[in-house]
Amino acid sequence: MFIPEVQVLVWTVVVFFVLLGLLWKFAWGPILHALEEREGRISKKISDAETALKAANEKAAEYEKKIAAAKEEAAAIIAEGKRDVEKVRDEIMAAANAESARTLERAKREIALAKDAALQELRDRVVDLTAELAAQVIEREVKPEDHRRLIEESIQRVGASN
Amino acid sequence: MAEAEEHPPKGEHKSGDAHEGAHAEGHGGHAEGPADPLHHIKDKVLLGMAADGKLVWKPYGDHGHAQVGYAPKMIGPMKLEFTKHMAGMTFGALVIFLVVTAVARRVKNSLHHDRAPEGPLANMVESLVVFVRDELVLPIGGHHLEHYTPLFLTYFFFILTLNLMGMIPEFGGVTGNWTVTLFLGVSIWFSLTLLGMYHQGPLHYFLHMVPPGTPWPMWPLMFVLEFLGPVIKCGVLCVRLFANMIAGHLVISNILALGVIGEKLATGLAVAMIFVGVPLALGISMLEILVCFIQAYVFTMLSIIFVSAAVHPEH
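Procedures and definitions
Residues numbered from 1 in each chain as written. Chains lettered and ligands numbered in written order. Predicted model: local features only at pLDDT ≥ 70, side-chain atom pairs only at ≥ 80, totals over all residues. pLDDT = per-residue confidence, 0-100. Helix = DSSP H or I, 4+ residues; strand = E, 2+ residues; numbered from the N terminus. Contact = placed C-beta atoms within 7 Å. Nonpolar A, V, L, I, M, F, W, Y, C, P; charged D, E, K, R; others polar. Axes fitted to C-alpha atoms, helices over the stretch in contact; angles between N-to-C directions. Parallel < 35°, antiparallel > 145°, perpendicular 65-115°, else oblique. Left-handed = near helix turned anticlockwise from the far one by under 90°. Pairing = 2+ DSSP bridges.

Regarding the confidence of the model for chain B
Residue and element names in this part refer to chain B.
Thought 1: Per-residue confidence for chain B averages 82 on the pLDDT scale, and 86% of its residues sit at or above 70.
Thought 2: Averaged pLDDT values for the elements of chain B fall to 38 in helix H2 (residues 21-32) and rise to 94 in helix H5 (residues 149-165).
Thought 3: A low-confidence stretch, residues 1-34 (pLDDT under 50), is modelled with 37 contacts involving residues beyond four sequence positions or located in other chains.
Thought 4: Our summary of model confidence lists the complex with pTM equal to 0.73 and ipTM equal to 0.82.

What follows is the structure, given as C-alpha cells:
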C-alpha cells in the first residue's frame, strides 16, 4: 500500500484542480469580494456614526454655551429692570418732593400776601378810624387831604419807632 | 464503525453468492485468523476495466483477491480502475462545490440588500472563510498572499470535508490514503516553487535560497540543503495528514474489533468487549472529529508558512 496508486493520484489531481478553478471563480472570489465590500460598508458606517456623534457633541456644547449666554443675558435684563425701576422710583419721589416743596412755598407766599393785604386793610381802617376819632375830638373839620397827611405822618412815626 | 460490526453477518449472508467466490474465500480467512488491521482503511476498487475493455464491478471483492481472469487495463503505469477513495473524493468535492457556491450566491444576494447573510450554512462557511483569511493568510502571509486566499481556502475545505467524511462509515478515509496526501504535499511544493519564482523571478528565487553571506565553498552544499528544505517540509505535510487520519481510523476499527477477537475466546467475553469497545470507540470518534479540524487547520497553516517563506525569503 505504500506504492502510490497512479490512477488515484491522477484522479486527485483532476478533482482538486477542477474544484480549485470552479471555487476560485464561482465561490471564493465572490465571497471574499462580498466580505471586503461589507467590511468596507461597516467601517464606513462606524466612521460615519463617529463623525455624527462628534458633530452632535459639538452642537450640544454650542447649545449649552448659548443657553448659558441666554441665562446671563436674562440676569442682566432683570438687573437692568431693577435698576430702571429704582431710578424711576427715585425720580418720582424727587418730583413729588419738589412738587410738595413748591406747593408749600406758594402757600407761604399766598399767606404772606394775604397777611400784607390784611395789614394794609387794617392800616387803612386804623387811618379812617383815627381820622374819624380825631375829627370828633378836635371838632373841626379838617380838609380830607390834611387829615390824611397828618395820619400818614403819625403812622410813619409809629412805623419808625417800631 | 458500523462496517466492522457488520462484517460477520454480511459474510454469512453472502457466502453462498456465486459472484462472490473470491470474497467468500477472503472472508473465510478473516473469520479464522486475526483480521488484517489495515483492511478497514484500505482503498477498494469499485469499478475496474479489464484488459478486454469490459467493466467489472468490484473486481477484487472486499478482500483484495482478484476475480478469476481479471487483469486491469493499463495506460502506462495507470490502472483503469475507479476506487472507493476516488468516489469519496469526487463526492466530497461535489458537496463542497454545491454548498460553497450556494453560500456564495446567498452572500452576493444579501450584499445587494446591504445585509449580512442569514442561515446556519452561510454563517458557518463564511466564518470558516473569515477564519482562514484573517487568522491564517493575513497574519502569516501578509497582503502579498491575500490574493491567493482562494487557494488555501480550497485546501482547507477539501481536507476538512474529506477528513469529516472519513468519520462516516462506508465513505472511506480519503485523507487516510497516502496517495491523496502525497498529491496534497507535492502540490504545496509546486505552489511555493511557482509562486516564489513568480514573485522573486526564477533565477533570483533559486539564487536566494542560499542565505546571503554563505562562504562560497559551502555554497553547493547549502544550495542542496536549502532546496531540499521545502521538499522535506512538503513530504512531512503529506505524512502528517496521512498518519493522523489513518491512526484515528485504525484505533477506532481495532477497538471495535475487540468484540470480534473476544468472540474467538468466549461468547461472554465478546459481549463484555463490545460493551467496553463501543463507548470507547465513540469517545475516540469524538476526538477524531476534533482531529479532523486540527489537521485541516495545521495543513493549511503550514502551507501558508511555506508559501510565504518562498514568496518572501526575509520572513
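Digging into the interface of chain A and chain B
Thought 1: Listed as interface residues are 31 residues of chain A and, on the opposing side, 41 residues of chain B.
Thought 2: Per-class residue counts for the side of chain A that touches chain B are 24 nonpolar, three polar and four charged.

Thoughts on the packing of H5 of chain B against helix H9 (residues 267-311) of chain B
Residues and elements named next belong to chain B.
Thought 1: Relative orientation of the contacting elements H5 and H9 amounts to 155°, with a least axis distance of 9 Å. By the angle between their directions, the pair H5 and H9 is classed as roughly antiparallel. Considering the relative orientation of H5 and H9, their crossing is right-handed. Where H5 approaches H9, its residues Phe152, Tyr155, Phe156, Ile159, Leu160, Asn163 and Leu164 are matched on the opposing element by Cys292, Phe293, Gln295, Ala296, Phe299, Thr300, Ser303 and Ile304.

Quick notes on the pairing of strand E1 (residues 45-49) of chain B
Residue and element names in this part refer to chain B.
Thought 1: Bridging between E1 and strand E5 (residues 81-83) involves three bridges; their strand directions are antiparallel. Counted as the bridge partner of glycine 48 is glutamate 81 from E5.
Thought 2: One ladder, built from three bridges, connects E1 with strand E2 (residues 55-57); its direction is antiparallel. Bridged to methionine 49 within E2 is leucine 55.
Thought 3: What sits between E1 and E2 in their antiparallel hairpin is a turn of five residues, with glycine 53 showing a positive phi close to 90°.

Re the packing of helix H6 (residues 178-200) of chain B against helix H8 (residues 219-265) of chain B
The angle between the axes and the distance between the axes are what describe a pair of packed helices.
All names here are of chain B.
Thought 1: Where H6 contacts H8, the axes come no closer than 8 Å and their chain directions differ by 150°. On the basis of their axis angle, the class for H6 and H8 is roughly antiparallel. As H6 runs across H8, the sense of the crossing is right-handed. Listed contacts from H8 to Trp178, Thr181, Leu182, Leu184, Gly185, Val186, Ile188, Trp189 and Leu192 of H6 are Pro230, Val231, Cys234, Gly235, Leu237, Cys238, Leu241 and Phe242.
Thought 2: Of the residues contributing to the contact of H6 with H8, the split by class is 14 nonpolar, three polar and no charged.

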